[in-house]
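The residues making up each chain are set out below.
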Amino acid sequence: MLGVAEAVETVLAAVAPLDVAAVHLEDALGRFAARDVTSSLAIPPWDNSSMDGYAVRASDVAAGAKLRVAATIRAGGLAERALEPGEAMKIMTGAPVPAGADTVIRIEDTGEKDGVVTINDARDTGRNVRRRAEDIAEGQLVVARGTRLLAPHIGVLASIGMSRVPVHAMPLVAILSTGDELVRVEDLAGAQAGRSIVSSNSYSLAALVRESGGVPVDNGLIADDPAALREALEEASDTDLVITSGGISVGEFDHTRAVIEAMGGEIVFWKVRMRPGANIAFGSVNGTPWLGLPGNPVSALIGGELFIRPMLRKMSGALRLYPRPVTAIAAEPFKGSESMTQLIRGILTRAENGELHARSTGPQGSGILSSMAAANALLVVPAGRAIDLGEIVTALPLDPDAHLTERFELHA
Ligand code: AMP
Ligand code: MG
């Protein structure tokens, strides 16, 4: 039976970044750059003023100097000629500095009368000119391949005139929920009569896929019937990843494995040394990677965290695929398992002194989905170990917003 790390490596080795296509800049947010992007332009394209004031020559500047005002240059304007010795040109912030000028004297340090400006303070000598290309030079790398495009990247790409950005296609992910007991969220009556349950996995897994940059395709609720499952899998395999939920253990109505095999699919593994979620399978169906998650909603989501997220990141062109573990101080003892990596739904809190403290969400029954909603991390207890109160525990953060706080604070 594979350990968690080997299983994660195995699924990742089976997927590759998807095809590259250009999307409009406005649709690029959150996607990963598929290529290095270099600038064909210099930014700023011309020397320009960082102040409202007077463009002058440094050699003309002295306290009390008087210079003839030859022109006014506004942002969006351009000087009609070079600045001659003994002259000044009035200039606005962002306006191109005329040839010949190397200084902008801020307006507060000047007085203008009858077309002549007096410099009252020479402190700006040689200053207040933003040089051409000081932000971005021609040919400079501005966004490296694999960068997740966030607001500043979108801004940089806009500034260099990239209206279309090469990104990888968003992975299309089929979700099949198997189980005779399942109903859709709108059909609560049966659930309340005790006959059926809402297929929460259909919704939570679709959400997880969407959060991870994929496009979920709900292939519906599939009865515990081999023929129905086969038909659904045939239909679903025209995607980048097929996820099934349920029917993967050894119950009388667990058909998933046998059906995949009958279809000529490949089963690479079908158990992982982790708890919850040991019954998790990976392989392919009709050549498409397939992840078989247990029906148990907690196990399904843990499998989603550990396997689906990094797979979708890789397909999307990300270079960093894995959550960075953090270490915390156990605020309670944690029991482990003899042979399995135990994953405890946990809550990390930051103490006043900056330490991270870890506690569990409470009862860890694998049917307790609400505990997954309460958790902001999975606490990792290695096989054959227990963690005592006060010991260090490794945690995988779950909630990207978990570091947000209720008060605005700038620590001095
Ligand atoms: P299975 O893996 O099919 O043996 O299912 C394990 C447990 O998870 C059972 O209690 C199922 O009722 C439950 N379950 C299966 N599929 C889902 C689903 N899509 N949503 C919520 N619970 C499910
Ligand atoms: Mg089932």
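Here, the structure is the one placed above.
What counts and how
- Residues numbered from 1 in each chain as written.
- Chains lettered and ligands numbered in written order.
- Predicted model: local features only at pLDDT ≥ 70, side-chain atom pairs only at ≥ 80, totals over all residues.
- Heavy atoms only, no water.
- Helix = DSSP H or I, 4+ residues; strand = E, 2+ residues; numbered from the N terminus.
- Contact = heavy atoms within 4.5 Å.
- Areas by Shrake-Rupley, 256 points an atom, 1.4 Å probe, with all protein chains shown as cover.
- Lys, Arg positive; Asp, Glu negative; His and termini not counted.
- Charge placed at Lys NZ, Arg CZ, Asp CG, Glu CD.
- Near = heavy atom within 4 Å.
- Polar contact = N/O pair within 3.5 Å; in protein donor to acceptor, adjacent residues only side chain to side chain.
- Nonpolar A, V, L, I, M, F, W, Y, C, P; charged D, E, K, R; others polar.
- Expected span 1.5 Å × (residues − 1).
- Buried < 20%, exposed > 50% of the residue type's maximum accessible area, 1.4 Å probe, protein only.
- Arc of directions from axis to C-beta.
- Phe/Tyr/Trp six-rings, centres within 6.5 Å; stacked < 30°, edge-to-face > 60°.
- Lys NZ or Arg CZ within 6 Å of the ring centre and 35° of its normal.
- Pairing = 2+ DSSP bridges.
- Salt bridge = Lys/Arg side-chain N within 4 Å of Asp/Glu carboxyl O.

## Digging into the overall build of the protein chain
Counting secondary structure elements, the protein chain contains 8 helices and 26 strands. Restricting the contact set of the protein chain to residue pairs at least 6 apart, pairs at least 24 apart contribute 69%. By element, 52% of the accessible surface of the protein chain is carried by carbon and sulfur atoms, the whole surface being about 20,500 Å². Between the centroid of the 37 positive side chains of the protein chain and the centroid of its 50 negative side chains there is a distance of 6 Å.

## Some words on the site of ligand 1
Taken together, 17 residues surround ligand 1, and among them Glu181, Ser199, Gly247, Gly295 and Asn296 come closest. A distance of 2.9 Å separates a nitrogen atom of ligand 1 from a polar side-chain atom of Ser199. Within the backbone of Ser200, a nitrogen or oxygen atom sits 3.2 Å from a nitrogen atom of ligand 1. Summarising the interface, the protein chains cover 74% of the accessible area of ligand 1, which totals 480 Å² for the free molecule. Put simply, the parts of the chain that give the shell around ligand 1 at least two residues each are strand S13 (172-178), strand S15 (197-198) and helix H4 (200-211). When the residues that make up the shell around ligand 1 are grouped by side-chain class, the tally is 5 nonpolar, 11 polar and 1 charged.

## Observations regarding H4
With 12 residues, H4 ought to run about 16 Å at 1.5 Å a step, and its terminal C-alpha atoms sit 16 Å apart, in line with that. Residues of H4 that are buried include every one of Asn201, Ser202, Leu205, Ala206, Leu208 and Val209, and no others. One side of H4 holds all its buried residues, which, seen down the axis, span an arc of 160 degrees. Looking at H4, the residues exposed on the side facing more than 90 degrees away from the buried face are Arg210 and Glu211. The secondary structure elements touched by the buried residues of H4 are S13, strand S16 (215-222), strand S17 (241-245), strand S21 (288-293) and helix H7 (297-316). Immediately downstream of H4, the backbone of Gly213 shows phi near 90 degrees, a positive value.

## A short note on the side chain of Ser39
Relative to the helices and strands, Ser39 resides in the loop between strand S2 (37-38) and strand S3 (48-49). On the basis of relative accessibility, which here comes to 3%, the residue Ser39 falls in the buried class. In terms of polar contacts, Ser39 uses its side chain to reach the backbone carbonyl oxygen of Leu41, at 2.7 Å. Leaving out residues up to four positions away in the same chain, Ser39 has contacts with Ile136, Ala137, Glu138, Gly139, Gln140, Val142 and Ile160.

## Thoughts on the packing of aromatic side chains
Under the criterion given, the structure shown has 2 aromatic pairs. Each ring, one from Phe269 and one from Phe282, has its centre 6.0 Å from the other, and the planes form 35 degrees; the classification is tilted. Of this pair, Phe269 sits in strand S18 (residues 266-269) while Phe282 sits in strand S20 (residues 281-285), and the two are 13 residues apart along the sequence. Phe269 sits in the buried class, given a relative accessible area of 5%. Ring centres 6.4 Å apart and planes at 50 degrees place the aromatic pair Phe269 and Phe307 in the tilted group. In this pair, Phe269 is assigned in strand S18 and Phe307 in helix H7, connecting sequence segments 38 residues apart. The same class applies to Phe269 and to Phe307, which are both buried. Grouping aromatic residues by their ring pairs yields a cluster made of Phe269, Phe282 and Phe307. Geometry around Trp270 places Arg257 over its ring, the cationic atom sitting 3.8 Å from the centre.

## Considering the pairing of S20
Within S20, 5 of the 5 residues are buried, which leaves the element mostly enclosed by the surrounding structure. Of the two faces of S20, the one lined by Ala281, Gly283 and Val285 and the one lined by Phe282 and Ser284 are each fully buried. The pairing of S18 with S20 spans 3 bridges and is classified as antiparallel. Bridge pairing in S20 links Phe269 to Phe282. Note: S20 against S21, 5 bridges, orientation antiparallel. Across the sheet, Ala281 pairs through a bridge with Gly292, a residue of S21. The antiparallel pairing of S20 with S21 creates a hairpin that spans 2 residues between the two strands, and Asn286 there sits at a positive phi of about 50 degrees.

## What to know about the pattern of salt bridges
Pairing is possible between side chains that carry opposite charge, provided their charged atoms lie close to one another. Tallied over the full model, the rule gives 15 salt bridges. Glu234 is the salt-bridge partner of Arg230, the closest N and O atoms lying 3.8 Å from each other. Taken together, the positions of Arg230 and Glu234, both in helix H5 (residues 226-236) and 4 residues apart, correspond to about one turn of that helix. Its relative accessible area of 38% is what places Glu234 among the partly exposed residues. Linking Glu305 and Arg309 is a salt bridge whose minimum nitrogen-to-oxygen distance equals 2.9 Å. Taken as a pair, Glu305 and Arg309 lie in helix H7 at a separation of 4 residues, close to a single helical turn. Residues Glu305 and Arg309 agree in their burial class; the two are buried. Counted as one network, the salt bridges with shared partners bring together Arg106, Asp109, Asp121, Arg123 and Asp124.

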